[in-house]
Amino acid sequence: MSYVPAARIPAPWWKWTLPGVAIAAAIVWLAVRMPWPVGGPDLRGFDEYKLPGSAAFPVTLAAAPDRSGVWFTLESSNRLGVLHGNGQFAFVRKEFESIEPLGLAIDAAGAAWFTEAAKQRIVRASLDGAIASFPLGTSVSRLGRLAVGPDNTVWFAEPTRASVTQLKGDGQLVRHPVGGSTAQALPFGVAVAPDGTVWATLQNADALLRIAPNGETTTINVPIRQAGLTDVAVANDGAVWFLAVGANTIGRYSGGRFEEFNVPTPNAGLTALAVAPDGAAWFSALRAHKLGRVHNGVVTEFTLPRDNARPISIAVDADSNVWYADLAGWIGKLAADRARAR
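Remember, it's a predicted structure, so these values are computed and weren't measured experimentally. (Residues numbered from 1 in each chain as written. Predicted model: local features only at pLDDT ≥ 70, side-chain atom pairs only at ≥ 80, totals over all residues. Heavy atoms only, no water.)

## Some details on unusual backbone geometry
Of note, the phi angle at Asn-267 is positive, near 45°, even though the residue is not glycine. Mapping Asn-267 onto the fold places it in the loop between strand E23 (257–262) and strand E24 (270–275). With phi around 50°, Asn-296 is a residue other than glycine that occupies positive phi space. Positionally, Asn-296 belongs in the loop between strand E26 (290–295) and strand E27 (298–303). According to the relative accessible area criterion, Asn-296 is exposed, its value standing at 71%. (Helix = DSSP H or I, 4+ residues; strand = E, 2+ residues; numbered from the N terminus. Buried < 20%, exposed > 50% of the residue type's maximum accessible area, 1.4 Å probe, protein only.)

Given below as structure tokens:
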């Protein structure tokens, strides 16, 4: 495993600087005599870390529950990245170059589990560089998101098999087919609730899939047409949150009732979803160059420091810091003090 210091760039209070005392005095003089324009983005609490050298762009990231770091996958790379709390990047070498590495989660021991669709396998990597691979037994495989349950069982979406698949500790694969639906009902997002219930989104079918701890599956239709469902996440209270990309909406399902929260920026380009310890749902919006939070029915957007930011994924750590991966080659953080809802 190699270590590289990160180029930490704290977000500025302003996007410009004043060259001299005279100009500053003039600004103050004008401020007391005429209205001052309001409306620049509030960049408090942001820190960004530029990936070193020619590292490929990050795709998916996940925060380790033991606070050991934030892991991320890299497109077209044979490395897996980690950003530690001290601002150092570390890279774990793996066997293959990744293609669309969309699934990533960290287990209770701090090891990363991720999808290798091109090689039809699920892989486990540790900080010490140890790698373990688990073949899927298929010649072709498209893989979606991946999650680790409270019992350390790994779950992942397997669209090519129309299945949400369970990888047990002994390496055994248990497939749960998406039953009673059309061929378009392919799983993508996967999340595991604290009680072990598994939830998945069914793309192009406007539905959620629920897998009970006993293996029983239930399909629940979402009241949004052409929703374009992607990510799903479950809060500690069991509420299920999901992205409806086609509707530019964040959805919530709890107690048999659906709620919809429209994103203020039109056509925001929703890319990923995560839930914070306080129950707030966080999302990344690539076209809008923003992060967003839904809490107590209120949607709040946070403009990122760079105008060309392209946030592709998002995670919230145990301390409520919000992390995001940017296709331009950055890992960013919004500090908990700013991120928490007041």
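## What to know about the sheet that holds E24
Ordered by their spatial adjacency, four strands build an open sheet running E24-E25-E26-E27, and the pairing between neighbours is antiparallel. Because the sheet does not close on itself, it has two edges, and the strands there are E24 and E27. The sheet shows a mean angle of 20° between the axes of neighbouring strands, taken without regard to direction. Of the pairings in the sheet, the one linking strand E25 (residues 281–285) to E26 comprises five bridges and is antiparallel in character. Within E26, the position partnered with Ser-284 by the bridge is Leu-291. (Pairing = 2+ DSSP bridges. Axes fitted to C-alpha atoms, helices over the stretch in contact; angles between N-to-C directions.)

## Examining the nonpolar core
Within the largest apolar cluster, 17 residues are counted, with the highest numbers of intra-cluster contacts made by Trp-241, Ile-250, Leu-270, Leu-273, Phe-283 and Val-294. For this core, the secondary structure elements donating two or more residues are strand E21 (240–244), E24 and E25. Apart from the residues lying within four places of it in its own chain, the contact partners of Leu-273 are Asp-231, Val-232, Ala-233, Trp-241, Phe-242, Leu-243, Ile-250, Ala-281, Trp-282, Phe-283 and Ile-314. Judged by nonpolar contacts, the second largest core, of 16 residues, contains Ala-274, Ala-280, Leu-304 and Tyr-324. (Core = buried A, V, L, I, M, F, W, Y, C linked by side-chain atoms within 4.5 Å. Contact = heavy atoms within 4.5 Å.)

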